[in-house]
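Reading the structure
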2 protein chains.
Amino acid sequence: MEISALQKARLEYSPKLPPALSGAIDAIAVSFGDPTESIANQAELKQLFAKTYGKPIAAFGKGANPNVGKELRVGVILSGGQAPGGHNVITGLYDGLKKANPNSVLFGFLGGPSGLIDDEAVEFTDEFIDRYRNTGGFDIIGSGRTKIETDAQFAAVLETAKKRKLNAVVVIGGDDSNTNAALLAEYFQTQGTDIQVIGVPKTIDGDLKNEYIETSFGFDTACKTYSELIGNIGRDANSAKKYWHFIKLMGRSASHIALECALQTQPNIAIISEEVESKKKSLAQIVEEIADVVAKRAAKGNNFGIALIPEGLIEFVPEMKILIAELNDLLAHNAEYFASLRTFDDQAEFVSGKLTDHSAKVFGSLPRGIRAQLMADRDPHGNVQVSLIDTEKLLIEMVGERLDQMKAAGSFKGSFKALAHFFGYEGRCAFPSNFDADYTYSLGFTAFLLIANGLTGYLSSVRNLSKSADQWVAGGIPLTMMMNMEQRHGAMKPVIRKALVELDGAPFKTFASHRDTWAVETSFRFPGAIQYYGPGEVCDQPTITLVLEQQA
Amino acid sequence: MEISALQKARLEYSPKLPPALSGAIDAIAVSFGDPTESIANQAELKQLFAKTYGKPIAAFGKGANPNVGKELRVGVILSGGQAPGGHNVITGLYDGLKKANPNSVLFGFLGGPSGLIDDEAVEFTDEFIDRYRNTGGFDIIGSGRTKIETDAQFAAVLETAKKRKLNAVVVIGGDDSNTNAALLAEYFQTQGTDIQVIGVPKTIDGDLKNEYIETSFGFDTACKTYSELIGNIGRDANSAKKYWHFIKLMGRSASHIALECALQTQPNIAIISEEVESKKKSLAQIVEEIADVVAKRAAKGNNFGIALIPEGLIEFVPEMKILIAELNDLLAHNAEYFASLRTFDDQAEFVSGKLTDHSAKVFGSLPRGIRAQLMADRDPHGNVQVSLIDTEKLLIEMVGERLDQMKAAGSFKGSFKALAHFFGYEGRCAFPSNFDADYTYSLGFTAFLLIANGLTGYLSSVRNLSKSADQWVAGGIPLTMMMNMEQRHGAMKPVIRKALVELDGAPFKTFASHRDTWAVETSFRFPGAIQYYGPGEVCDQPTITLVLEQQA
């Protein structure tokens, strides 16, 4: 069968570039700022990144750049979870390379970092790459979660790079992958090679951002897809007037997605993990607050509503965090004996006996299904797989129990019927919005320019994103500038600091100033499906988060 | 906060009308065919519908119609589940009425049929109705599932109609609601009034169609929304290459949605309930077939895939149908004793002891969670709520078990990790596609014309829908023409026959001719989000089902 009509139409779309990048390729000059410092732990990081620490910020503008046309051999990998626009980073990089010198070569390493380690790659051609322009997914070369960590792995990557005669490697990934890119850049330098490494900021979770990286790519499209669905469900709830919908959204560490979707759809309830942690809210307190909104709405005859729940919530609830840590430890140390226990009751009894009193009490208060999930489903590191825990169902069950008590006490007179949803995979591979298509193509093109100008250890950066693309500014940010030292597996490691939701930031404050109204009134907003054509205000708007952050 | 940009833009959209309807209102003439017969049970139906049986098909074309401008008072209800386009039926009806005579009045009865019974209504004004043009949802007046069944209810509706001085009532609903409309039309006649009743064919399930009703409204938009999500998930599966996604889709009686989504997205597996029933497939056989596809893909290194499951599947599996019927009966007759049983084990033991041997064996073979669901969650009629049974999880669990056996026997060497999804509420209230926006507006406008021409007991009909709107044809089909007698609650009742997937129809045959390839190859198709603007082939295409049916 044929490809879809939209896919065919999107292949023809020409992504917009920042004005400085859209002219002749040898008329884009680089300029530099002052030397930079890391956000913290400057002394340690200066030592760990002796060769690449403290470089200046790079910016691209109009100007002569006669050497941009040298022949280059570049490798690229997609690392970590899918995000809309990954394909366009590669097409932007490819187009930049070929525009500067048609003999330059781009290799795509397969299945993420392991492709670099094992030297599995394809060489891109026009015909191959043209089938992926402006499409979603990472299927062009696949992705993977392998980390380049051991000495042997670093050496293998160097060997691959030498064998392929690479001038540079581009790593498209999140905070972890870009930390890895910084380490690889430093490693290549210490090994006496001049192979460059450039990172590109990807993650739908939106937690890789700072003063210079205004947003990571994919966040825009994913949030718009989830908001489409939440809006549709909100309209259904307000038509049928008989169900509460508890909708869990991606975002394990940060609640940027839940917050953006709340701003887009104006639900009755949206929980932000960072606030839960900051205010040290217990599970009982969260349940009480939700039950209170349900009761208030019921008193006005509205036995329906929408509640947004971030995927990672449970780890931000202090008592649950402790319980999960104890369980991880306990099950790791008693794996064999635990595996010999056949029934849920035996398992639960064993676990309860080994937990601290407080955690045993918390564990005992949870519904059976959740206790079973907490005891099962470890990841390869022996940890609970948080995304598999049905937090939305846990809350439905506990809110239902609380409302039963309130009904008995006369403080709730309505009905509470709730349905659970989880949106994650629905948005990670959508066709990138015009914003993400333009942004990622520009990031890829900028990655080429950073390489062509001999830079390494930089993150591709495109800024001024809340304005239209003709006002965007391209450049590069030294990766070390975004780093600090953090505890990882019992040791201090250099890492890019994750950007969590700031409770004093404009997006959260805007949400907080409206949420009491949204809770009780029905103020649902219906964003509808992502539009790629039509009026600019319909198809070219960035996220509300980005607009509010830039206004602030 | 403001309404969304898309909502604002959609309010300005002008739905397309069939050419015969787009000129001056007094230049649309009606013409009639020969008297009609019902599809079966002609004698009984002629007796039951003595006043309204056998009317001719009506068609609208260009011609003088000087009496169309008489002042009218019309009531409208939305009945049953939400479907995209409901609001546009009302705006089309309103615009027709007001165009013919600005003094005509349209009442919207609130909350479905109960609004007619209890006389709860709003009178539409321009300002009110303009806020709902081309939007999704039924929130303009709400919907409901009350049936007008008892003598008292019929009398109450008549009283409402007389009090409001209504000339006509328009019922927007599915097969059940339109059966109700036919009965109401007959009732008004037998009571000596000339109050007319006109139906409009709504249901996202797509099972209200026949030679004259090419499709029910909402099916197009809902299928496109689900296909967007399935395509995104398929792209994710093909990027990550590690998960099977089992996706349950709406459609309790008919699998039209699963079939259309399969044609749109080309998944590895799509189960069609009608085929399961026709071939009398057992659950074990379905599981075996799925496991076989998983194993074949694994042999090629592809431990991922997409499987579509219709919501109603379980009732089409012969042994499950019998089990469910026995359970419904058993629990209805032992409700009190059963309620006294506190534990799952006690309940399961009681049930197993009362079932026939065969059903007890089937029951015992099901996973614990499914047995619990089968024993809980009755609807108000005491029946299992099929939509709440996690058929997709049942299949994942049973396929997993079967693959474990195959692995032990050496016939499966891959890995099977599966995730479950259920899409229903995500699509029922989407902004109607251009197709549904145009179709529903035309249906509403046609309903006005049927009223203005003095007809009753008709279903509004717009045909030639696989062509562009400038070739559409409007008319009316006598409701009795689509009826037959069927068993309902132990008695023979006149009903509109549900349109199931025809196994010798073009849509199923097209699917069947490709499915073996789609099973083993990765042929995923990515429809993307519904587009309302842009090239015609992107934003104005009808469903593949409709196109194939019309070609045939």
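You'll find chain A entered in an unreviewed UniProt entry as Pyrophosphate--fructose 6-phosphate 1-phosphotransferase, with Spirochaeta lutea given as the organism. Recorded under Subunit (unreviewed entry), the UniProt text for chain A is reproduced unchanged: "Homodimer." For chain A, the Catalytic activity (unreviewed entry) comment in UniProt is given as "beta-D-fructose 6-phosphate + diphosphate = beta-D-fructose 1,6-bisphosphate + phosphate + H(+)".

1. Structural notes on the overall build of chain A
The helix and strand inventory of chain A stands at 23 helices and 15 strands. For 552 residues, the compact-globule estimate of 2.2 N^0.38 gives 24 Å, and chain A sits close to it at 25 Å. Overall, chain A is about 80 × 60 × 50 Å in size when its C-alpha atoms are taken along their principal axes. When burial is assessed residue by residue, chain A has 62% of its 552 residues classed as buried. Nonlocal contacts in chain A, meaning residues at least 24 apart in sequence, comprise 78% of its contacts between residues at least 6 apart. For chain A, the accessible area works out to roughly 20,400 Å², and carbon and sulfur atoms hold 49% of it. In chain A, the 55 positive side-chain charges and the 66 negative ones have mean positions that sit 2 Å from each other.

2. With respect to the side chain of Glu311 of chain A
Residues and elements named next belong to chain A. Of note, Glu311 is situated in the loop between strand 10 (305-310) and helix 12 (313-316). One buried charged residue, Glu311, remains without a salt bridge, the closest side chain of opposite sign being Lys248 at 6.2 Å. Polar contacts involving the side chain of Glu311 include one to the main-chain amide nitrogen of Gly251, which spans 2.9 Å. Not counting residues up to four positions away in its chain, the partners in contact with Glu311 are Lys248, Leu249, Met250, Gly251, Arg252, Val386, Ser387, Thr391 and Phe422.

3. Observations concerning helix 3 (residues 86-100) of chain B
In this model helix 3 of chain B runs 22 Å from its N-terminal to its C-terminal C-alpha over 15 residues, within 8% of the 21 Å that 1.5 Å per residue would give. Along helix 3 of chain B, 13 of the 15 residues are buried, which leaves the element largely enclosed by surrounding structure.

4. Describing a negative patch on the surface
Judged by side-chain charge, Asp345, Asp346 and Glu349 of chain A together with Asp345, Asp346 and Glu349 of chain B come together as a negatively charged surface patch. Mapped onto the negative patch, the elements with two or more residues apiece are helix 15 (344-354) of chain A together with helix 15 (344-354) of chain B. Within the fold, Asp345 of chain A resides in helix 15.

5. Observations concerning the packing of aromatic side chains
For the structure on display, the rule yields 33 aromatic pairs over all chains. Members of the aromatic cluster, each reached through a chain of ring pairs, are Phe124, Phe128 and Tyr132 of chain A. Here the guanidinium or amino end of Lys248 of chain B rests over the ring plane of Phe422 of chain B, the centre of that ring lying 4.5 Å away.

6. Some points on the environment of Trp472 of chain B
Residues and elements named next belong to chain B. Mapped onto the fold, Trp472 is located in the loop between strand 12 (458-463) and strand 13 (473-478). Among the residues examined, Trp472 registers a relative accessible area of 5% and is labelled buried. Sequence-wise, Trp472 and Thr391 are 81 residues apart; in three dimensions their C-alpha atoms are separated by 40 Å. Setting aside residues up to four positions removed in sequence, Trp472 forms contacts with Pro18, Pro19, Phe435, Asp438, Tyr439, Ser442, Val462, Arg463, Asn464, Leu465 and Lys467. There is a polar contact of 3.0 Å between the side chain of Trp472 and the backbone oxygen of Lys467.

7. Observations concerning the UniProt feature "domain: Phosphofructokinase" (unreviewed entry) in chain A
This chain's UniProt record puts "domain: Phosphofructokinase" (unreviewed entry) on residues 73-340 of chain A. Taken end to end, residues 73-340 of chain A is 51% helix and 15% strand, and its first and last C-alpha atoms sit 55 Å apart.

8. Structural notes on the sheet that holds strand 11 (residues 418-423) of chain A
Residue and element names in this part refer to chain A. Spatial ordering of the open sheet is given by 9-10-8-11, a layout of four strands whose pairing is parallel. Of all the strands in the sheet, just strand 9 (269-270) and strand 11 have a single pairing partner and so form its edges. Sheet topology places strand 9 next to strand 10; two bridges connect them, and they run parallel. Paired with Ala270 across the strands is Leu308, a residue of strand 10. The sheet contacts of helix 9 (residues 256-265) involve strand 8 (244-249), strand 9 and strand 10, and relative to strand 10 the element is tilted by about 160°. Here helix 18 (residues 391-409) sits on the sheet and contacts strand 8, strand 10 and strand 11; the angle it forms with strand 11, its principal contact strand, is near 165°.

9. With respect to the interface of chain B and chain A
Between chain B and chain A, the residue contacts involve 60 residues of the former and 60 residues of the latter. Where chain B abuts chain A, roughly 4,600 Å² becomes buried across the two surfaces, and 55% of that area is made up of carbon and sulfur atoms. Where chain B packs against chain A, one counts four salt bridges. Among the ionic pairs, Asp139 of chain B bridges to Arg235 of chain A, the shortest N-O distance being 2.9 Å. At the level of elements, helix 1 (5-11), helix 8 (219-240), strand 11 (418-423), helix 19 (425-428), helix 21 (506-520) and helix 22 (536-539) of chain B are the ones that each hand at least two residues to the side of chain B that touches chain A. Per element, the largest residue contribution to the side of chain B that touches chain A is 10 residues, and it comes from helix 8 of chain B. Residues of the side of chain B that touches chain A, tallied by class, amount to 27 nonpolar, 20 polar and 13 charged.

10. Observations concerning the environment of Asn41 of chain B
Residues and elements named next belong to chain B. Position of Asn41 relative to the elements: it lies in the loop between strand 1 (28-35) and helix 2 (42-48). Taking the C-alpha atoms as reference points, Asn41 and Asn484, separated by 443 residues in sequence, lie 5.7 Å from one another. Not counting the four nearest positions on each side in its chain, Asn41 is found in contact with Asn484 and Met485.

11. A word on the sheet that holds strand 6 (residues 168-173) of chain B
All names here are of chain B. With respect to topology, nine strands assemble into an open sheet ordered 1-2-13-12-7-6-3-4-5, the strand pairing being mixed. In the strand order of this sheet, the two ends are held by strand 1 and strand 5 (121-123), each with one partner. The mean inter-strand angle of the sheet, taken between neighbouring strand axes irrespective of direction, is 25°. Sitting on the sheet, helix 3 is in contact with strand 3 (73-78), strand 4 (105-109), strand 6 and strand 7 (196-201), with an inclination near 175° to strand 3. The sheet strands contacting helix 7 (residues 175-190) are strand 6, strand 7 and strand 12, and the helix crosses strand 7 at an angle near 170°.

12. A closer look at the UniProt feature "site: Important for catalytic activity and substrate specificity" (unreviewed entry) in chain A
Per the UniProt annotation, the sites labelled "site: Important for catalytic activity and substrate specificity" (unreviewed entry) are Asp176 of chain A. If you trace the backbone, Asp176 of chain A turns up in helix 7 (residues 175-190).

13. Comments concerning empty space enclosed by the protein
Residue and element names in this part refer to chain A. Summed over the entire model, instances satisfying the criterion amount to six cavities of 30 Å³ or more. Its boundaries defined by the atoms lining it, the largest cavity holds a volume of some 50 Å³. Among the elements that make up the lining of the largest cavity, the one with the highest residue count is helix 23 (residues 544-551) (three residues).

14. Things to note about the pattern of salt bridges
All chains considered together, the criterion is met by 50 salt bridges over all chains. As a salt-bridge pair, Asp292 of chain A and Lys296 of chain A come within 3.3 Å of each other at their nearest N and O atoms. Of this pair, Asp292 of chain A and Lys296 of chain A are both found in helix 11 (residues 283-299), four residues apart, which corresponds to roughly one turn of the helix. On the basis of relative accessibility, which here comes to 35%, the residue Asp292 of chain A falls in the partly exposed class. One salt bridge connects Arg133 of chain B with Asp130 of chain B, and the closest N-O pair in it is separated by 2.8 Å.

15. Describing the environment of Trp518 of chain B
When you line up the elements, Trp518 of chain B lands in helix 21. Taking the C-alpha atoms as reference, Trp518 of chain B lies 15 Å from His245 of chain B; in sequence the two are 273 residues apart.

16. Describing the packing of helix 9 of chain A against helix 23 of chain A
Residues and elements named next belong to chain A. Taken N-terminus to C-terminus, the directions of helix 9 and helix 23 make an angle of 95°; their axes are 9 Å apart at the nearest point. What the angle tells us is that helix 9 and helix 23 run roughly perpendicular. For the pair helix 9 and helix 23, contact is made by Glu260, Leu263 and Gln264 and by Ile544, Thr545 and Leu548, respectively. Its residues assigned to classes, the contact of helix 9 with helix 23 shows three nonpolar, two polar and one charged.

What counts, and where the lines are drawn
- Residues numbered from 1 in each chain as written.
- Chains lettered and ligands numbered in written order.
- Predicted model: local features only at pLDDT ≥ 70, side-chain atom pairs only at ≥ 80, totals over all residues.
- Heavy atoms only, no water.
- UniProt positions renumbered as here; feature names shortened; annotations may be inferred.
- Helix = DSSP H or I, 4+ residues; strand = E, 2+ residues; numbered from the N terminus.
- Rg over C-alpha atoms; globule rule 2.2 N^0.38 Å.
- Buried < 20%, exposed > 50% of the residue type's maximum accessible area, 1.4 Å probe, protein only.
- Contact = heavy atoms within 4.5 Å.
- Areas by Shrake-Rupley, 256 points an atom, 1.4 Å probe, with all protein chains shown as cover.
- Lys, Arg positive; Asp, Glu negative; His and termini not counted.
- Charge placed at Lys NZ, Arg CZ, Asp CG, Glu CD.
- Salt bridge = Lys/Arg side-chain N within 4 Å of Asp/Glu carboxyl O.
- Polar contact = N/O pair within 3.5 Å; in protein donor to acceptor, adjacent residues only side chain to side chain.
- Expected span 1.5 Å × (residues − 1).
- Patch = residues over 30% accessible without salt bridge, like charges linked within 9 Å, V, L, I, M, F, W, Y side chains within 5 Å.
- Phe/Tyr/Trp six-rings, centres within 6.5 Å; stacked < 30°, edge-to-face > 60°.
- Lys NZ or Arg CZ within 6 Å of the ring centre and 35° of its normal.
- Pairing = 2+ DSSP bridges.
- Axes fitted to C-alpha atoms, helices over the stretch in contact; angles between N-to-C directions.
- Buried area = accessible area lost by both parts, 1.4 Å probe.
- Nonpolar A, V, L, I, M, F, W, Y, C, P; charged D, E, K, R; others polar.
- 1 Å grid on protein atoms, 1.4 Å probe; cavity = no way out; pocket = protein on both sides within 12 Å on 5 of 7 lines; lining within 4 Å.
- Points joined across faces, edges and corners; volume = space filled by probe spheres on them.
- Parallel < 35°, antiparallel > 145°, perpendicular 65-115°, else oblique.

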